[in-house]
Amino acid sequence: MTAVSEPNQLADLFARLSGLVFSEQTVQSSLQITVNLMHEVLPATQGAGVTLIREAKRLTAAHTDEVVKRADALQYELDEGPCLSAFNDGSPYLIDSMEKEERWPRWAPAARGLGMGSAISVPLIVPDERRLGAVKAYSEQLAAFDEQDVRIMEMFAAQAAIVLANVLSHSDAARMSEQLKTALRSRHVIAEALGVLMERGKIGEDQAFALLRGSAQRNNVKLHQAASDLVSEVANPAQR
Amino acid sequence: MAGNPDAMVLESGRRNSGLTVDELWLRYFELTGEASLLELEAYLQGALIPDPLQFDMIAHALNERFMELGHDNPIPYREEAG
């Protein structure tokens with residue numbers, strides 16, 4: 001996590017919320033939750049991960065499986081690949097087929113060799129436009145993802161970037177208030193529910209938020225409760 | 001801020017809610033809000049204009065607070081609810 005340890009402007013603002021501080025441990029688990037969510041919300045995804053980049057330093061900060069870690073290590077070694085391109089350009093990359101991919105002539109065949117068929121990489125960009133790295137998902141199948149999946153990945157990347165942007169380094173996990181931990185858990189559940197609705201309805205984040213809000217209002221509950229209900233319904237369809 | 005209706009509706013909502021800007025920000029952050037605390041302050045003062053999604057998230061954070069208080073005068077949203 002050294003890639004994000006430098007205090008920044010947002011972190012300073014964050015410090016104004018007295019005692020509310022993200023620890024590196026929290027960030028690590030938050031990133032891990034993010035990749036797990038991507039894994040769950042995009043059905044085609046077989047693995048997902050987050051790459052953090054600062055200057056020459058590249059790091060896979062969270063991953064769901066060894067394939068992601070090894071494919072990332074290859075990107076760093078070969079100095080080419082979709083996450084590095086996404087980071088450099090600030091644009092998303094959709095790879096339909098590792099077999100036909102020509103943008104990264106050395107990395108793509110190697111990734112195919114690891115079992116990757118298709119993939120998405122999107123940049124991690126914080127609201128002040130600073131780039132922190134990239135998030136990626138892959139499938140063993142060819143052409144497993146479409147443009148809508150790219151939008152969902154961008155939503156998750158935005159979530160992850162905001163958490164990262166608010167990092168204060170070297171803060172003790174114990175200092176983080178229960179209040180912020182609760183807020184962070186709630187935020188993750190709502191993000192997951194938005195991802196589910198975007199995937200289901202092939203809609204954007206604005207409409208997904210309106211849908212979730214409508215459901216909360218109809219049931220006279222808070223958005224967090226509506227999100228939590230939706231997520232458990234998806235996780236345990238038989239119980240409904 | 002003069003003449004900026006977004007800012008007026010949000011800031012007067014915040015005052016009615018009894019929330020500090022910090023408290024509102026944390027609630028808005030919980031709803032997956034993307035703006036920093038400084039940006040939220042700028043929205044409330046009319047120095048920046050939130051996009052419709054961020055506006056709706058701030059409005060919803062305030063409306064949830066009104067629900068807790070039993071107030072029946074929610075801030076209207078930009079996007080129609082589904």
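For the structure itself, consult the block above.
Thresholds, definitions, all that
- Residues numbered from 1 in each chain as written.
- Chains lettered and ligands numbered in written order.
- Predicted model: local features only at pLDDT ≥ 70, side-chain atom pairs only at ≥ 80, totals over all residues.
- Core = buried A, V, L, I, M, F, W, Y, C linked by C-beta atoms within 7 Å.
- Buried ≥ 20, exposed ≤ 12 C-beta atoms within 10 Å, placed from the backbone.
- Helix = DSSP H or I, 4+ residues; strand = E, 2+ residues; numbered from the N terminus.
- Domains from an automatic or database assignment.
- Contact = placed C-beta atoms within 7 Å.
- Pairing = 2+ DSSP bridges.
- Axes fitted to C-alpha atoms, helices over the stretch in contact; angles between N-to-C directions.
- Nonpolar A, V, L, I, M, F, W, Y, C, P; charged D, E, K, R; others polar.
- Parallel < 35°, antiparallel > 145°, perpendicular 65-115°, else oblique.

Chemist: Any chance you could explain the nonpolar core here in plain terms?
Modeler: Generally speaking, soluble globular proteins have nonpolar side chains that are buried together. All names here are of chain A. Counting 90 residues, the largest nonpolar core has F156, A160, A161, A193, L194 and L212 as its most contacted members. Counting residues per element, this core draws most heavily on helix α6 (residues 147-165), which supplies 11 residues. Split by domain, this core shows at least three residues from each of two domains, domain 1 (2-16 + 23-172) and domain 2 (177-240). Those residues in contact with F156, other than ones at most four positions away along the chain, are T34, L37, M38, V135, A191 and G195.

Chemist: Mind showing me how you'd approach the sheet that holds strand β4 (residues 118-125) of chain A here?
Modeler: Through backbone hydrogen bonds, the strands of a sheet pair up, either in parallel or in antiparallel fashion. Residue and element names in this part refer to chain A. Read from one edge of the open sheet, five strands run β2-β1-β5-β4-β3, paired in antiparallel fashion. The open sheet terminates on both sides in strands that have one partner only, identified here as β2 (57-63) and β3 (93-95). With direction set aside, neighbouring strand axes in the sheet form an average angle of 20°. Bridge count between β4 and strand β5 (residues 131-139): eight bridges; the pairing is antiparallel. From the neighbouring strand, I125 faces β5, where its bridge partner is R131. Contacts between helix α3 (residues 66-78) and the sheet are confined to β1 (47-54), β2 and β5, with β1 contributing the most and set at about 35° to the helix.

Chemist: Just to check I follow, could you spell out the interface of chain B and chain A for this structure?
Modeler: When the parts of a complex come together, some accessible area is lost, and that lost area is often used as the size of the interface. On the side of chain A, 25 residues touch chain B, which itself brings 21 residues to the contact. Of all the elements in the fold, those that place two or more residues in the side of chain B that touches chain A are α2 (21-30), α3 (37-45) and α4 (52-69) of chain B. If you tally residues by element for the side of chain B that touches chain A, the top one is α4(B), at six residues. In terms of residue class, the side of chain B that touches chain A is made up of 10 nonpolar, four polar and seven charged.

Chemist: Explain the packing of helix α1 (residues 5-17) of chain B against α3(B) to me, please; I cannot follow it from the model alone.
Modeler: Relative orientation and spacing of two packed helices are given, respectively, by the angle between their axes and the distance between those axes. Residue and element names in this part refer to chain B. Viewed as axis vectors pointing N to C, α1 and α3 meet at an angle of 110°, and their least axial separation amounts to 7 Å. By the criterion of interaxial angle, the relationship of α1 to α3 is roughly perpendicular. Here α1 contributes A7, L10, E11 and R14 to the contact with α3, which in turn contributes Y43, L44 and Q45. Across the contact of α1 with α3, the residue classes tally to four nonpolar, one polar and two charged.

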